[in-house]
Amino acid sequence: MLFKQQALLRQKLFVLGSLAIGSLLYLVARVGSLDRLQPLCPIDGRFGPRSQDEIPLRALQFKRGLLHEFRKGNATKEQIQLHNLVQQLPKAIIIGVRKGGTRALLEMLNLHPAVVKASQEIHFFDNDENYAKGIEWYRKKMPFSYPHQITIEKSPAYFITEEVPERIYKMNSSIKLLIIVREPTTRAISDYTQVLEGKERKNKTYYKFEKLAIDPNTCEVNTKYKAVRTSIYTKHLERWLKYFPIEQFHIVDGDRLITEPLPELQLVEKFLNLPPRISQYNLYFNATRGFYCLRFNIVFNKCLAGSKGRIHPEVDTSVITKLRKFFHPFNQKFYQITGRTFNWL
Ligand code: A3P
């Protein structure tokens, strides 16, 4: 009798256990399929009436599925036609600033279902040889996308290259331009660190940052040093303003993108007239990397390459102070022109 009761109890426990596991599996599958279900949602209703510039949505799943395969070149002409895929000129370009966080910005914007990134820096407008190949060459470098999506590319050299504003203007005078900036001295040191690493990789020696940034004859800031010049943001921006009104630029706070990326991305979504689709779910802090990483869905996530987020060498504090004093008036002008103020000392 006792044996029979125990067997019955075991059976009940087994059924209950199976039910619990079944429910759990269902929930996991459901969360995983949310992305795929999103295109069925009445998106217009959720975001209010769509303005002319706004873009209908596709699920992130498309990014990792079909488009991903196409990007890798695994598609036939028939498939491309069938899915109505196109290679579109960019509607927005991240024009700089080098070491401002341009890669992080591009990758994070690519989390948006209506954005497709050009993975490589194309250097069309800053490289005479590439530019001579013509706009069709440039368009062919763009990834496949659905017609409702927007393509974004980033080439930080654009910001500082003399010829670029006019060339971009000739392609599209109403293009949207993104500039991501960091505190100028930190950016200059980051720039130096990248070059230093390149030299070290080739077993070469290199000067200390202090030696490059300060002119030994005058003991003043060496404005001939490229890493210093690039950080004089206002000088470069003024050249761009000869072609584009300030409304066509959006300034991203690169220091904040490191510590608190979501609000910065939301400002960009707004600037690009995109419905807000990037959420905290898409960004998670990775303590090992010390940076935010990207979560596309329950299965796919990634951090930026190790070359992003290098440890900077220690720099003499008197040199840092000198540089900060030097950049101060240029920063003031930059705040004034852009209408965005930063707490750069
Ligand atoms: P450091 O290497 O000086 O830390 P760019 O892509 O324009 O070259 O910029 C590189 C910088 O992006 C890095 O500079 C890093 O600080 C910054 N960055 C911002 N968000 C990041 C992220 N989520 N992961 C890695 N680096 C990030």
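Preceding this paragraph is the structure being described.
Scope of this entry: the structure provided in the associated data block. Being a predicted model, the structure only gives us computed values, none of them experimental.

### Here we look at the packing of aromatic side chains
- Under the definition given, this model contains 26 aromatic pairs.
- Between the aromatic rings of Phe124 and Tyr138, the centroid separation amounts to 4.5 Å while the plane-to-plane angle is 10°, which identifies the pairing as stacked. Residue Phe124 is found in the loop between strand E3 (115–117) and helix H7 (128–131), and its partner Tyr138 is found in helix H8 (residues 135–140); the two are separated by 14 residues along the sequence.
- Ring geometry for Phe125 against Tyr158: centres 5.4 Å apart, planes inclined by 75°, an arrangement best described as edge-to-face.

### With respect to the packing of helix H6 (residues 102–109) against helix H16 (residues 261–271)
- Look at H6 against H16: their axes get within 11 Å of each other, and the N-to-C directions meet at 70°. In terms of orientation, H6 lies roughly perpendicular with respect to H16. From H6, Leu105, Met108 and Leu109 reach across to H16, where they touch Pro261, Leu265 and Val268.
- Taken together, the residues of the contact of H6 with H16 sort by class into six nonpolar, no polar and no charged.

### Some words on the sheet that holds strand E10 (residues 301–302)
- Across the sheet, three strands lie side by side as E8-E9-E10; this open sheet has antiparallel pairing. Two strands bound the open sheet, and with one partner strand each, they are strand E8 (283–286) and E10.
- In this structure, E8 lies alongside strand E9 (residues 291–295), joined through four bridges in antiparallel fashion. Paired with Tyr284 across the bridge in E9 is Cys293.

### Quick word on the nonpolar core
- Grouped together as the largest cluster of nonpolar side chains are 28 residues, with contacts concentrated most on Ile95, Tyr158, Ile168 and Trp240.
- When residues of this core are traced back to their parent elements, those giving at least two are strand E2 (92–96), helix H9 (157–160), helix H10 (164–171), strand E6 (176–181), helix H14 (233–240), strand E7 (249–253) and helix H17 (317–338).
- Beyond its immediate chain neighbours, meaning those up to four positions away, Trp240 contacts Ile95, Tyr158, Phe159, Val164, Pro165, Ile168, Leu177 and Phe249.
- Met108, Ala114, Leu265 and Leu272 belong to the second largest nonpolar core, which has 27 residues in total.

### Things to note about the pattern of salt bridges
- Counting across every chain of the model gives 17 salt bridges.
- Here Arg167 makes a salt bridge to Asp128, at a shortest N to O gap of 3.0 Å. Pair noted here: Arg167 is in helix H10 and Asp128 is in helix H7, with a separation of 39 residues, a long-range link.
- A salt bridge links Arg340 to Glu264; the shortest N-O distance between them is 2.7 Å. You can see Arg340 sitting in the segment after H17 and its partner Glu264 sitting in helix H16, a full 76 residues away along the chain.
- Glu264 sits in the buried class, given a relative accessible area of 0%.
- Connected via shared salt-bridge partners are Arg103, Glu107, Lys117 and Lys302.

### Describing the side chain of Ser155
- By secondary structure assignment, the location of Ser155 is in the loop between strand E5 (150–154) and H9.
- In contact with Ser155, other than residues within four places in its own chain, are Ile94, Ile95, Glu121, Ile122 and His123.

### Thoughts on the packing of helix H11 (residues 184–201) against H17
- Their axes nearest at 9 Å, the elements H11 and H17 cross at an angle of 120°. As summarised for this structure, H11 and H17 are arranged oblique, according to the angle between their axes. Across the interface between the two elements, Pro184, Thr185, Thr186 and Ile189 of H11 pack against Ile320, Leu323, Arg324, Phe327 and Asn331 of H17.
- Residues of the contact of H11 with H17, tallied by class, amount to five nonpolar, three polar and one charged.

### Brief notes about the state of the cysteines
- Summed over all chains, the structure comprises one disulfide.
- Sulfur-sulfur distance for the disulfide between Cys293 and Cys303 comes to 2.0 Å. Torsion about the S-S bond of the Cys293 and Cys303 cystine: about 100°, corresponding to right-handed handedness. You can see Cys293 sitting in strand E9 and its partner Cys303 sitting in the loop between E10 and H17, a full 10 residues away along the chain.

The rules behind these values
Residue positions within a chain follow its written sequence, with the count starting from 1. Where totals are concerned, whole chains, interfaces and linings use all residues; where local detail is concerned, this predicted model gives features only for residues with pLDDT of at least 70, and gives and counts side-chain atom pairs only at 80 or more. To get the side-chain values, all heavy atoms of the structure are used, and hydrogens and water are removed first. Planes of paired rings set the category: under 30 degrees apart is stacked, over 60 is edge-to-face and the rest tilted, where pairs are Phe, Tyr or Trp rings (Trp by its six-membered ring) whose centres lie within 6.5 Å. Segments assigned H or I by DSSP are reported as helices when at least four residues long, segments assigned E as strands when at least two residues long, and all are numbered from the N terminus. Lines fitted to the C-alpha atoms define the axes, with helices restricted to the stretch that makes contact. Angles between their N-to-C directions range from 0 to 180 degrees. An angle below 35 degrees is read as roughly parallel, one above 145 as roughly antiparallel, one from 65 to 115 as roughly perpendicular, and any other as oblique. Only heavy atoms matter for contacts: two residues are in contact if any of them lie within 4.5 Å across the pair. All residues other than Ala, Val, Leu, Ile, Met, Phe, Trp, Tyr, Cys, Pro, Asp, Glu, Lys and Arg, Gly among them, are scored as polar; the first ten of these are nonpolar and the last four charged. When DSSP locates at least two bridges between a pair of strands, those strands are taken to pair. By convention a nonpolar core is built from buried Ala, Val, Leu, Ile, Met, Phe, Trp, Tyr and Cys residues, the set being connected through side-chain atoms within 4.5 Å. Working definition: with a 1.4 Å probe on protein chains only, accessible area under 20% of the residue-type maximum means buried, over 50% means exposed, and in between means partly exposed. Any carboxyl oxygen of Asp or Glu that lies within 4 Å of a side-chain nitrogen of Lys or Arg is treated as forming a salt bridge with it. Any pair of cysteine sulfurs within 2.5 Å is marked as a disulfide.

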